[in-house]
Amino acid sequence: MAGVDVKELPKIPEEDVEALKAAVGKGNLAEAAVKAKEALEMVDKIILNIAVTGESGSGKSSFVNTIRGLRDEDAAAAETGVNETTMKTTAYPHPSYPNVTVWDLPGIGTETFKSDTYLKQVGFSRYDFFIIISCTRFKTHDIELAQEIQRQGKQFYFVRSKVDQDLTNEKRHYDQAGILEQSNAPTKRSHQYSESAVLEAIRENCISGLKAAKVTSPRVFLVSRWDLGKYDYPKLQEVLVDELPGHKRHAFLRSLSNVSKETLEKKKQQLQMQIWLKSLASCGVAAVPLPGLSTVCDIAILVTSLKEYCRDFGLNENALATLARQANKPIAELKAVIKSPLSEEITKDLVIKLLTKYAAGAVKYSTYLLNVIPAVGSVVSAAVSLPTTYFMLQNFLDDAAADAVRVLEVAVKGDVSNSGKQHENTRTP
Ligand SMILES: Nc1nc2c(ncn2[C@@H]2O[C@H](COP(=O)(O)OP(=O)(O)O)[C@@H](O)[C@H]2O)c(=O)[nH]1
Ligand SMILES: [Mg+2]
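Draft legend 1. Structural context of the sheet that holds strand β6 (residues 220-222). Overall, mixed pairing links the 6 strands, which are arranged β2-β3-β1-β4-β5-β6 in an open sheet. Edge strands, defined here as strands with exactly one partner in the open sheet, are β2 (90-93) and β6. Strand-to-strand twist across the sheet, computed as the mean angle between neighbouring axes with direction ignored, equals 30°. Bridge analysis of β2 against strand β3 (residues 100-104) gives 4 bridges, and the strand direction is antiparallel. Looking at β3, one finds that T90 is bridged to D104.

Shown next, in the form of structure tokens:
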């Protein structure tokens, strides 16, 4: 390895070296850079359509808004409310990821409901998967619809909404200490209030209804629009990501709300896999030498990449303001734990500063890289530029992901079972 002891250098994961080798192959670097850029742009072109359906009043439009990170009051939000009935299929693109669209479908459940006709009317073929929402047990038409979706070869997920209301209602039978109020009437309620027992009972009730209607291995996700980080919403996100075909997974994952550490970790892993592609793309035709550095790169690609990391991890003013509102905490409290720059602070100058920081370390890799991937040598400067950009992106990604975890921790701190009254307070009057 021409005098370089790779063990002494900061580690580049084996998979990443393999990914770079695969990207460059035996071809030349300029070609590989073009391919890398195309591969990255492909991700933004992947279209995902999510259908949200269920009875009127079940919480469809609210769910459409929440998964797009919007409040009902926001201009781009779907209309919600007890008297609001959607009669037509409406597309709601995700505000930050316009390739992901959530569709608010007309309410189902009229006397004359026919699942196959309904699916035709709402444009069945468009959707990648269906969310069927109910705020009670699932009814016959929900189940018929699910069976028709399955018959036509697509996935559906049952979501049981408004569980916060169920918990609040149940709690009314207990005193401050969570002890069942004295009553002479016979009751099945346990002596001590238990949130998990109430949730389990709701789940069981839904599942037994679905089983009775011959739905095989039914899964039901319990959610509250007022607290996506609680109950089954994080699990739902995970399952949706896992069950999507590979090429759609990344596009969808990026659009997900950062409600759990698992989601953040998944996002980080996905982005990690693209770092070489981004480094390679930045060595393409638009690459220019940076004064004072032996690095040649396309700064614009790097600026975009860092901004994308910030967007994916919610590290921009807008996302933080939304989170602060949802968590009922001052935005300054969230910002206090952020160590890396926010999206708004990312400029060409900042990127050059960061590259300078990693350039010296990266030089050590050049000989190593030339040996492992000879094609890199076809553009001599790339042997230094690639590891420089790689380490810069890598470190920024690590920092941004760590910031996002800390922000999430602050947002949920003190949020012990705030499923009841506190939600009414966080809601806008
Ligand atoms: N407490 C609570 N209320 C909800 C939840 N989801 C929806 N709602 C309320 O239920 C009402 C009907 O919701 P909407 O989304 O308009 O239902 P749609 O007719 O199915 O689109 C609205 O007042 C919502 O705020 C939830 O998870 N918890
Ligand atoms: Mg609606």
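That shown, we press on.
Draft legend 2. Quick peek at the site of ligand 1. Around ligand 1, the structure places 17 residues, and the nearest of them are G57, S61, S62, D164 and R225. Take K162: an N or O atom from its side chain is 3.1 Å from an oxygen atom of ligand 1. Contributing elements (two or more residues each) for the shell around ligand 1: α3 (60-67) and α6 (163-171). Looking at the shell around ligand 1 element by element, the count peaks at 3 residues for α3. A breakdown of the residues in the shell around ligand 1 according to their chemical character gives 1 nonpolar, 10 polar and 6 charged.

Draft legend 3. Region of the structure containing the nonpolar core. Ranked by internal contacts, the top residues of the largest apolar core, which has 59 residues, are L306, F313, V351, L355 and M392. Listed by contribution, the elements that provide at least two residues to this core are α1 (14-24), α2 (29-45), α10 (261-272), α11 (275-281), α12 (299-312), α13 (317-327), α15 (348-372) and α16 (382-412). If you look at the next biggest cluster of nonpolar residues, it comprises 34 residues, including F138, F158, L180 and V220.

Draft legend 4. Focus on the pairing of strand β4 (residues 129-134). Counting buried residues along β4, 6 of its 6 residues qualify, which places the element largely inside the surrounding structure. Residues of β4 alternate between two faces, with F129, I131 and I133 on one and F130, I132 and S134 on the opposite face, all of them buried. Of the pairings in the sheet, the one linking strand β1 (residues 48-54) to β4 comprises 5 bridges and is parallel in character. Of the residues in β4, the one forming a bridge with V52 is I131. Pairing geometry for β4 and strand β5 (residues 155-160), over 6 bridges, is parallel. Across the sheet, S134 pairs through a bridge with R160, a residue of β5. In this view, the connection linking β4 to its parallel neighbour β5 by way of helix α5 (residues 140-151) has right-handed handedness.

Draft legend 5. The arrangement of empty space enclosed by the protein in detail. This model, assessed by the stated rule, comprises 1 cavity of 30 Å³ or more. Of the volumes computed, that of the largest cavity is approximately 120 Å³. Taken together, 17 residues form the lining of the largest cavity, with I50, I67, Y233, F252 and L256 sitting closest to its centre. Going through the elements one at a time, α3, β3, β4, α8 (233-243) and α9 (246-255) are the ones with two or more residues in the lining of the largest cavity. Broken down by element, the residue count for the lining of the largest cavity peaks at 4 residues, all from α8.

Draft legend 6. Examining unusual backbone geometry more closely. For K214, which is not a glycine, the phi torsion comes out positive at approximately 70°. Among the structural elements, K214 can be located in the loop between α7 (195-212) and β6. The exposure class of K214 is exposed, given its relative accessible area of 69%.

Draft legend 7. Quick look at the pairing of β2. On β2, burial follows the alternation: T90 and Y92 on one face are buried, whereas A91 and P93 on the facing-out side are not. Hairpin geometry of β2 and β3 is characterised by an intervening segment of 6 residues between the two adjacent antiparallel strands.

Draft legend 8. Main features of the pattern of salt bridges. Throughout the structure, instances matching the rule amount to 19 salt bridges. Taking the shortest distance from any N to any O, the salt bridge between R203 and D232 comes out at 2.6 Å. Taken together, the residues span a long stretch of sequence, with R203 in helix α7 and D232 in the loop between β6 and α8 at a distance of 29 residues. Note on D232: relative accessible area 12%, which makes it buried. The residue E243 makes a salt bridge to R219 at a minimum N-O spacing of 2.7 Å. Remark: R219 occurs in the loop between α7 and β6 and E243 occurs in helix α8; sequence separation between them is 24 residues. Exposure remark for E243: the relative accessible area of 35% places this residue in the partly exposed category. Residues joined in a network through salt bridges with shared partners are E200, R203 and D232.

About the criteria used
- Residues numbered from 1 in each chain as written.
- Chains lettered and ligands numbered in written order.
- Predicted model: local features only at pLDDT ≥ 70, side-chain atom pairs only at ≥ 80, totals over all residues.
- Heavy atoms only, no water.
- Pairing = 2+ DSSP bridges.
- Helix = DSSP H or I, 4+ residues; strand = E, 2+ residues; numbered from the N terminus.
- Axes fitted to C-alpha atoms, helices over the stretch in contact; angles between N-to-C directions.
- Near = heavy atom within 4 Å.
- Polar contact = N/O pair within 3.5 Å; in protein donor to acceptor, adjacent residues only side chain to side chain.
- Nonpolar A, V, L, I, M, F, W, Y, C, P; charged D, E, K, R; others polar.
- Core = buried A, V, L, I, M, F, W, Y, C linked by side-chain atoms within 4.5 Å.
- Buried < 20%, exposed > 50% of the residue type's maximum accessible area, 1.4 Å probe, protein only.
- Right-handed = clockwise from strand over helix to strand, strands pointing away.
- 1 Å grid on protein atoms, 1.4 Å probe; cavity = no way out; pocket = protein on both sides within 12 Å on 5 of 7 lines; lining within 4 Å.
- Points joined across faces, edges and corners; volume = space filled by probe spheres on them.
- Salt bridge = Lys/Arg side-chain N within 4 Å of Asp/Glu carboxyl O.

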